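Residues per chain, in single letters:
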Amino acid sequence: MPDKTTKSLLSGREYIGVDKIDGPLVFVSKTHPVGYRELVECVDKQGHVRLGIVLESSTNAVVVQVFEGTSGLTLPGTRVRFSGEPLTIAVSKEMLGRVFNGLGHPIDGGPPQRSDIELDVNGMAINPTARQYPRDFIQTGISVIDGMNTLIRGQKLPIFSGNGLPHNELAAQIARQAKIRGTNTQFAVVFAAMGVKHDVARFFTQSFEESGVLENVALFLSLADDPSIERLITPRTALTLAEHLAFNEDMHVLVIMTDMTNYCESLREISTIRGEIPSRKGYPGYLYSDLAELYERSGMIKGYKGSITSLPILTMPNDDISHPVPDLSGYITEGQIVFEREMDGRGIYPPVAGLPSLSRLMKDGIGEGMTREDHPHLASQLFAAYSYVKDVRNLASVIGEEELTPLDHTYLDFGREFEQRYVSQRKDEDRSIEETLDLGWEVLSILPVDELHRITEEEIEKFYGK
Amino acid sequence: MNDRIIGQVKRVNGPVIEVMGITDAEMFELVRVGEENLIGELIKLETDAAVVQVYEDTTGIAPFDPVYGAGMQLSAELGPGMVGTIYDGIQRPLEAIREMSEIYIKRGITVPSLDREKKWHFVPSVKEGDQVSGGMFLGTVRETENLLHKILVPPGDKGVLESVTGEGDYTVEDVIAVLKTDDLKEKNLYLMHRWPIRVQRPTRSRLALDIPLITGQRVIDTLFPVAKGGTVAIPGGFGTGKTMTQQAVAKWCDADIIVYIGCGERGNEITDVLTEFPKLIDPRTGRSLMERTILIANTSNMPVSAREAGIYAGITMAEYFRDQGYDVAVMADSTSRWAEALRELSGRMEEMPAEEGFPAYLPTKIAEFYERAGSMETLNGDNGSVTIIGAVSPPGGDFSEPVTQHTKRFIRCFWALDRHLANARHYPAISWLESYSEYLSDVVSWWESADGGASPEWLCDRTEIMELLHKEVRLQQVVKLVGPDALPDTQRFILEVCTLFKNAFLQQNAYDKIDAFSIVQKQVKMLHIIVTYYKRGAEAIKSGATLVKLRKMKVYQDIIRMKFSIPNDDLAGLDKIEARLERSMDQLEALHA
């Protein structure tokens, strides 16, 4: 049986010719014992090296997944080298301000990055006892987020959107405006694009450029016309850099990953080719665990200054929130910001649906000493009132608005004001948390005092109708 | 013990490894794979295609790597030192792992589950020459201020004690007694013993379940009570508050020990428990809640197969405390992740799937798990219980999926979480229409007895309010068609009372100091006040009073705020509200008489 030295000697071997190529998968037989998830180099006839990893290893054959696609590979002419190590990337602070492909190779024309620190892109599970519970409020300047679905440093808060909705605008706005109050901390942004269009990538680059933060951004682009399989590694390389920046360089990192739906589709593609038993809608049974490996890499660690806040974006196929991708994401992430097409149609930006949106970490990051003492109750009351508005609207659509009681009419007024003034804002509007809360009271004061069950008398005294 | 090679790796596919050249391995044997000593378990035996599921990441494992047998099944270590500890899915203390590998969990780490250095003060209760058998007490160790840890003879052992040490300080590995078994072998007994996690610990008999587990959550205790030793499922889509409900129950329920199994869930949720629980004070003992809690954390990004093991490790620890005569509550969050782990492993073993890719043995596994709950007469003759509260995360919030459906067959109490309630931030979002409890009739006598709620009218009040809630649904349908104005005052009053009941009683703020937890007496009185308001109000309307008048009563505002304004230790305020309510109603009736 091979020990460590023999293993490393064997890893120098090169195999000429492969047995089978199926989509992005290459099958090689009669190899030395190859480790699971080892890094593989496939050299085509022209001498180009394509990277891949071992998906399955057995005494008979090795299954290799090639990230840069298999087109142009031939059965006899392909040479395969197994490195004996998992896929790593060299990471450094100098990577900020640059553009990479999904594997972490520069595509901006600059020199390859140099660093002594090479990290396994798969990362490792954070020990739950080492985590620091996130509770620092991030002001995004967007009322519906700050006031009702507060973003917390170290949180993973996805945007559930649909095709044609302004999720990119919102993500860019958050990246521009996000700040921790009372400190000067700048966010470094790590941006991972999976299967998105060139225009989208350009939109983000431009938006970072205009706000002058481009030198704090590292972009990992695996665009729509890149091999779909590369998307599987893109978020991992991006997150590996984010971990390095956060926990070795003490930086606060905001990771934007778009579009998670494309990532999941690539995963489904591989799974189908391998003939695995599918669970829902053809997605593999391990989709949940796989997504968790990505999402759970964000957070804060005790004793470390940096943090990773992640903002994955996913488009819900057919706007269906129960589709496996948003559904499983929602079970892992700490809340979600859900977009509503109907609100977008009415010209409300950001079209954040009031009720299904949620921030799970909000409760510990708001209130006295963090935002303002009235924040928790105000948010809860706004939710309750808006939820009643929805009921009234349903009722009105059946019996007609004229038949409603005067109180219900007041609620409709409240609903309108809430959407038009509180939720809706300009794409360059940066509201402070006080402005947001005051605005909340302003619209809430449309309702009579008797209706405010979730607010204390002192708060009513102090803020109602002011 | 790592020297015995039982085979070699043949094929690696994620956490599932095929092993060839099997020699004398035993089914479900604990094994270690490769030079890195990854922990695994043998789950299928075949000479050239045995299957090992590995509880750690298998990156780098290659064919022909050796597989070592440990000579025993995957077992939990049971003894003093478990309470207040946080374990991973295979009972390794995470704090100890952190000392060895900092912020990440590196592979191949071996740490004993119980601290080997720490000395415990042992007080024997047996003496030399005593005839003992499995489950009997050897003595006690005071583990925390309020927990007397009883040291058990391992179940299955029987014989005469040849020697017993005196009172003193011992580690879990020091011999505290020597047992001469019936077949004349000598066996050393320690403060701890091992127990295979997949095997239910034996008891004498099952007892009737007639004492409720009081959770302090009004919607649970009053509407859908669970008995000590019962089984509950909490299904709900994401964001409906499964974890919040479970944590609230874990905080305030009147069990002696809580085993909280975080199975495939968020890392920060575990951190939340770890930061919050030590600060919270148990209202019954006045001590930190952490002193009665055992945590198992196998978060979603930790190896999948350990999720499966974590559930069994947790229930085994719970049974161990039950055998000492304690009431234990197990929170499993979430059993769906465990079922998905089964599915993933089954898929990798290329087994034939049943519904939605889940293996055909899923219902059997679920049944085996929930059947380990119960109120038991222990081998020592005491009463102890294990209550299981399992969260279910149905995809898309659709309760017709296999895990929810199969779970429903084996539990007797169902707290369905409702998306609409959660969206309106009505917490706990337990639906009063879909939920049920089969324990209701069993626990009524407790509520009526002096040891319990001491409320003879409890059942009547509860029935009354449930009836109203069901009437309300039908009335709401009418309202949706014709608007509320079309209803007569008597019916609109029902809608009013239901809204009042939902806001003032069912909704409970987990973050409010007073409201977070309601003692039984407070619940009984609050319920009675609202039912009285309904009964007297309905009579007043019959005699000509208007809805507006009923609503404008000063006492109405007191009723709405009573959950926040009246603390558990001063319930006189509720009597005052009730008296005021009766007076106001008298006045109102006098006006229309």
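Residues numbered from 1 in each chain as written. Chains lettered and ligands numbered in written order. Predicted model: local features only at pLDDT ≥ 70, side-chain atom pairs only at ≥ 80, totals over all residues.

### Some remarks on the overall build of chain B
Now for step 1: For chain B, the helix and strand inventory stands at 16 helices and 26 strands.
Now for step 2: Here the C-alpha radius of gyration of chain B, 27 Å, is about what a compact globule of 593 residues would show, namely 25 Å.
Now for step 3: On the principal axes, the C-alpha backbone points of chain B span a range of 90 × 55 × 40 Å.
Now for step 4: Taken across its 593 residues, chain B has 53% of its residues classed as buried.
Now for step 5: Taking the contacts inside chain B whose residues are at least 6 apart along the sequence as the reference set, 69% of them involve residues at least 24 apart. (Helix = DSSP H or I, 4+ residues; strand = E, 2+ residues; numbered from the N terminus. Rg over C-alpha atoms; globule rule 2.2 N^0.38 Å. Buried ≥ 20, exposed ≤ 12 C-beta atoms within 10 Å, placed from the backbone. Contact = placed C-beta atoms within 7 Å.)

### Looking at the nonpolar core
Now for step 1: The biggest cluster of nonpolar side chains holds 308 residues, and the ones touching the most others in it are Val190(A), Val253(A), Val255(A), Val330(B) and Ile530(B).
Now for step 2: Contact partners of Val255(A), with chain neighbours within four places excluded, come to Val190(A), Ala238(A), Leu239(A), Ala242(A), Ser298(A), Ile308(A), Ser310(A) and Leu311(A). (Core = buried A, V, L, I, M, F, W, Y, C linked by C-beta atoms within 7 Å.)

### A word on the domain arrangement of chain B
Now for step 1: The assigned domain composition of chain B is domain 1 (5-73), domain 2 (116-195), domain 3 (206-439) and domain 4 (458-592).
Now for step 2: One C-alpha centre belongs to domain 2 of chain B, the other to domain 4 of chain B; they are set 57 Å apart. (Domains from an automatic or database assignment.)

### Here's the deal with the interface of chain B and chain A
Now for step 1: Facing 63 residues of chain B, the contacting portion of chain A comprises 59 residues.
Now for step 2: For the side of chain B that touches chain A, the secondary structure elements donating two or more residues are β1 (5-13), α1 (94-101), α4 (267-276), α6 (335-348) and α11 (458-482) of chain B.
Now for step 3: When residues in the side of chain B that touches chain A are grouped by element, the largest group, seven residues, is from α4(B).
Now for step 4: Considered class by class, the residues forming the side of chain B that touches chain A number 26 nonpolar, 21 polar and 16 charged.
Now for step 5: In this structure, strand β5 (residues 49-58) of chain A lies alongside β1(B), joined through two bridges in antiparallel fashion. Directly across from Ser57(A), in β1(B), lies its bridge partner Val12(B). (Nonpolar A, V, L, I, M, F, W, Y, C, P; charged D, E, K, R; others polar. Pairing = 2+ DSSP bridges.)

### Looking at the domain arrangement of chain A
Where interface size is quoted, it is often the accessible area lost as the parts come together.
Now for step 1: Along its sequence, chain A is organised into domain 1 (4-86), domain 2 (90-335) and domain 3 (375-463).
Now for step 2: Distance between the C-alpha centres of domain 1 of chain A and domain 3 of chain A: 61 Å.

### Describing the confidence of the model for chain B
Now for step 1: Residues of chain B with pLDDT of at least 70 account for 99%, and the chain-wide mean is 92.
Now for step 2: Under the prediction, the complex receives an ipTM of 0.87, its pTM being 0.91. (pLDDT = per-residue confidence, 0-100.)

### Things to note about the packing of α11(B) against helix α12 (residues 489-506) of chain B
All names here are of chain B.
Now for step 1: Interaxial distance between α11 and α12 falls to 9 Å at its minimum, and their mutual angle equals 120°. When you trace α11 past α12, the crossing you get is left-handed. On α12, the residues that touch Ile465, Leu468, Leu469, Lys471, Glu472 and Leu475 of α11 are Gln491, Ile494, Leu495, Val497, Cys498 and Phe501.
Now for step 2: A breakdown of the residues in the contact of α11 with α12 according to their chemical character gives nine nonpolar, one polar and two charged. (Axes fitted to C-alpha atoms, helices over the stretch in contact; angles between N-to-C directions. Left-handed = near helix turned anticlockwise from the far one by under 90°.)

### A word on α6(B)
Now for step 1: Taking 1.5 Å per residue, 14 residues should reach 20 Å; α6(B) reaches 20 Å between its end C-alpha atoms and fits that length.
Now for step 2: Where burial is concerned, most of α6(B) is hidden: 14 out of the 14 residues are buried. (Expected span 1.5 Å × (residues − 1).)

### Let's talk about the confidence of the model for chain A
Now for step 1: Per-residue pLDDT for chain A has a mean of 91; in total, 98% of the residues score no lower than 70.
Now for step 2: Of all the helices and strands in chain A, helix α1 (residues 4-10) of chain A carries the lowest mean pLDDT, 68, while strand β14 (residues 159-161) of chain A carries the highest, 96.

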